[in-house]
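Chain residues, written in single-letter form:
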Protein chains: 2
Amino acid sequence: MDLKFKLLKENSCGARLGEFQTKYGVHRTPMFMPVGTQATVKTLSPEELKMCFSDVILANTYHLWLRPGEDVVDNAGGLHEFMNYKTGPILTDCGGFQVFSLAKPKDISDEGVNFKSHIDGKKLFLTPELSIEIQNKLGADIIMSFDECPPFPVSHEYMEKSILRTISWAKRGKKVHSKNDSQALFGIVQGGEFPDLRKLSAQKTVEIGFDGYSIGGVSVGEDAETKLKMIEYATPYLPKDKLRYLMGVGEPIDLIDGVIRGIDIFDCVLPTRLARHGNALTRDGRINLRNAKYTLDLSCIEESCDCYTCKNYTKSYIRHLLVAEETFGQRLLSIHNIRFLTKLMDDIKLNIEKDTLLDFREEFVKKYNNK
Amino acid sequence: MDLKFKLLKENSCGARLGEFQTKYGVHRTPMFMPVGTQATVKTLSPEELKMCFSDVILANTYHLWLRPGEDVVDNAGGLHEFMNYKTGPILTDCGGFQVFSLAKPKDISDEGVNFKSHIDGKKLFLTPELSIEIQNKLGADIIMSFDECPPFPVSHEYMEKSILRTISWAKRGKKVHSKNDSQALFGIVQGGEFPDLRKLSAQKTVEIGFDGYSIGGVSVGEDAETKLKMIEYATPYLPKDKLRYLMGVGEPIDLIDGVIRGIDIFDCVLPTRLARHGNALTRDGRINLRNAKYTLDLSCIEESCDCYTCKNYTKSYIRHLLVAEETFGQRLLSIHNIRFLTKLMDDIKLNIEKDTLLDFREEFVKKYNNK
């Protein structure tokens, strides 16, 4: 399915302002997508996601395949119906990242990956065809080709073998994709920190032809500079008229840096994971609300924030909820953190419009790092 | 503070239709109050409580005294401000029940109770004066006298000593209550399963004079028949023009039976506790949503229910959330269970109006017990 991506503006620095279409409407990029791992963005309702101005959300194929199973979701009419998320698109990943990071398989062949479920140890075999079949049943609006996600670092030799395998998997996946009319299919560029392999992976993936392109394998252990280079090595070989999706990146500064390198959409568990550990994102850096210094603090997390949490709750109360292990505290922080990132993306869009994103970055980083 | 309780109707069976006033408006009885143990009704927002048509909610003095401490709540301007509950009154209990059930003190004197915190083992001493002082700081609209809650069963001799102590504690508490203008103070009737002691406790407590009367020590281990008798032994000695509050009772049939015996308000952790264990209340009895038979069930919990959960979510999805340990599942069940009880209380009011409560009970019990 063509997402009718329109590149509205491109800054000299590389940042892109764009929009794409689904049956849910027109979606503006750059965009951050919250993660609903198990068909729910942890602690939040669909209405709260809307209040946070979330648009596309992500669900994990690996997790849903294992539990409740794609047939259970299909029985409900797909993810939108199953989880009652009806205000925006859903994207599913291919399962690759979770298979390689959670199940740590030792048996990877060209055919597919043998591994054991991280839940009950059951033996499983995931292939590019099966990944697409599962995603067809999950019924998200945007789905991903199955890829190998090698750890960092691996040898150039291994990585070359790996990307060639991922390219052949991408072809096989595309061939069985049965819902072209309702699901956009993205290819995934891998290649680690090797410029020639990122280039090769990008070129070969584009050759196959997809509705958008993901950049994978970033943010799995490398330093900040390497991360950015991994993006830079790939983007010159991606078509300008397709969405570019940087997978698993959500740190505020990384989002800005990704946008500067031409990325349109991002996803990360960061806002909800931070919330579960009592952390709030603020323009002055992360703060941990469990800290005793907030015991009597009647201010909200951020005066300038328009989220439900900041409009209604004090640091003192949120701290109490966290210390008393009340899940409502995690929910309040999740709302704030997601809104923080969607607001950041709005500011980014505004600064692309004005072609001032590099200045915005400088100011943002200064404030964020010098709390 | 006078709650201006008006007895609007009394059925021959004993059930009372009434109303009382606070600055939040007029509140109709019989009423069920959800419990916000630690200044939050577990997993729910104030807006969701309102959506469930909750009115008065309860918070626990013992828990809030220990964590975050009454001064932290006072610093925010009291519980309403602290927890952002601004649409209805709050009631605090006296701490007695938790001290006796959680901390299991061995050192009870006429002066007060020595015990250790169930959180960190810290030595604490709670007196009737301190209980009221804490409750004055918590700032609820209705507060309770400090009482001893003996286990069940104890000897007649012990219980007599205990109620005389509770009566002397009630006098001492009333004397130090410093917020008569904004907080109604209730006395608590104890006496276990002994008719003469329930009578004595009720008479002596009424003699002191309170804004309402609680019946305590019911639902701590006795059989159903004994429970009901404990209420019946006390109510004839309570004034008709004051609220009668049965503490810690929330089982649907017990609520109906309490109303039939002249009770106006009830509280219980039941709806939220059941939710955390995957149970939903329905007119056909309790069901456990973790059951595999709901895996593909696309119906809602109860077709006739008007709650957010039943309007939007299937059993299949809720089951998935529970099995996957997503807190959103507990939240959806908490919403349903609380709405179930507030709806039950509305049906009870309607049947008192029509003087058909005994028939309603018969039908309800038949359906509820024969799932």
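Engineer: Is there a simple way to think about the relation of the copies chain B and chain A in this case?
Structural biologist: With an axial shift of 0.0 Å and an RMSD of 0.0 Å, the rotation relating chain B to chain A amounts to 180°. Such values leave the two copies arranged in the relation of a two-fold axis. Measuring from the rotation axis to each C-alpha of chain B, the shortest distance belongs to Thr 327 of chain B, at 3.8 Å. In this assembly the copies share their binding face: 100% of the residues contributing to the interface of chain B also contribute to that of chain A.

Engineer: What am I meant to see in the pairing of strand β13 (residues 243-246) of chain A here?
Structural biologist: Residue and element names in this part refer to chain A. With burial as the criterion, each face of β13 is covered, one bearing Leu 243 and Tyr 245 and the other bearing Arg 244 and Leu 246. In this structure, strand β12 (residues 212-215) lies alongside β13, joined through four bridges in parallel fashion. Paired with Gly 212 across the strands is Leu 243, a residue of β13. Two strands pair when backbone bridges link them, and β13 and strand β14 (residues 265-268) are joined in this way by two bridges, in the parallel orientation. Along β14, the bridge assignment pairs Tyr 245 with Ile 265. In this view, the connection linking β13 to its parallel neighbour β14 by way of helix α10 (residues 252-260) has right-handed handedness.

Engineer: So what exactly am I meant to see when it comes to the sheet that holds strand β2 (residues 16-22) of chain A here?
Structural biologist: Strand pairing in a sheet relies on backbone hydrogen bonds, with the paired strands running either antiparallel or parallel. Residue and element names in this part refer to chain A. Read from one edge of the open sheet, three strands run β1-β2-β3, paired in antiparallel fashion. Both edges of this open sheet fall to β1 (6-10) and β3 (25-29), since each of them pairs with a single strand only. Going across the sheet, the axis of each strand differs from the next one's by a mean of 20°, ignoring polarity. Here β2 pairs with β3 via five bridges, running antiparallel. Residue pairing for β3: Glu 19 is matched across the bridge by Arg 28. Sheet contacts for helix α14 (residues 327-353): β1, β2 and β3; angle to β2, the most-contacted strand, approximately 120°.

Engineer: I keep staring at helix α5 (residues 96-103) of chain A and nothing clicks. Help me out?
Structural biologist: Three or four residues apart is the spacing at which side chains of an α-helix point the same way, because the helix has 3.6 residues per turn. Residue and element names in this part refer to chain A. With six of eight residues buried, α5 lies mostly within the body of the structure. All buried positions along α5 are accounted for by Gly 96, Phe 97, Gln 98, Val 99, Phe 100 and Ala 103. Those residues of α5 that are buried lie in contact with α2 (61-66), β8 (113-116) and β9 (123-126). At the exit of α5 stands Lys 104, carrying a positive phi of roughly 40°.

Engineer: Mind showing me how you'd approach α10 of chain A here?
Structural biologist: Residue and element names in this part refer to chain A. Counting buried residues along α10, seven of its nine residues qualify, which places the element largely inside the surrounding structure. Buried within α10 we find Pro 252, Asp 254, Leu 255, Ile 256, Gly 258, Val 259 and Ile 260. On its buried face, α10 sits against β4 (31-34), α9 (224-234), β13, β14, α14 and α15 (357-369). Gly 262, located one to two residues past α10, shows a positive phi value of around 90°.

Engineer: I keep staring at the interface of chain B and chain A and nothing clicks. Help me out?
Structural biologist: Where interface size is quoted, it is often the accessible area lost as the parts come together. Listed per partner, the contact involves 29 residues of chain B and 29 residues of chain A. Among the secondary structure elements, those contributing two or more residues to the side of chain B that touches chain A are α3 (70-75), α4 (79-83), α13 (315-323) and α14 (327-353) of chain B. Sort the elements by how many residues they give to the side of chain B that touches chain A and α13 of chain B lands first, with five residues. Its residues assigned to classes, the side of chain B that touches chain A comprises 14 nonpolar, 12 polar and three charged.

Engineer: What exactly am I supposed to notice about the domain arrangement of chain A here?
Structural biologist: Residue and element names in this part refer to chain A. Each assigned domain of chain A is listed with its residue range as follows: domain 1 (6-268) and domain 2 (270-371). Domain 1 and domain 2 are separated by 26 Å when their C-alpha centres are compared. Breaking the side of domain 1 that touches domain 2 down by element, the ones donating at least two residues are β4, α1 (46-51) and α10. No other element matches α10, which puts six residues into the side of domain 1 that touches domain 2. Looking at the side of domain 1 that touches domain 2 residue by residue, the classes come out as 20 nonpolar, four polar and five charged.

How each quantity is defined
Residues numbered from 1 in each chain as written. Chains lettered and ligands numbered in written order. Predicted model: local features only at pLDDT ≥ 70, side-chain atom pairs only at ≥ 80, totals over all residues. Least-squares fit on C-alpha atoms with pLDDT ≥ 70 in both. Contact = placed C-beta atoms within 7 Å. Buried ≥ 20, exposed ≤ 12 C-beta atoms within 10 Å, placed from the backbone. Helix = DSSP H or I, 4+ residues; strand = E, 2+ residues; numbered from the N terminus. Pairing = 2+ DSSP bridges. Right-handed = clockwise from strand over helix to strand, strands pointing away. Axes fitted to C-alpha atoms, helices over the stretch in contact; angles between N-to-C directions. Nonpolar A, V, L, I, M, F, W, Y, C, P; charged D, E, K, R; others polar. Domains from an automatic or database assignment.

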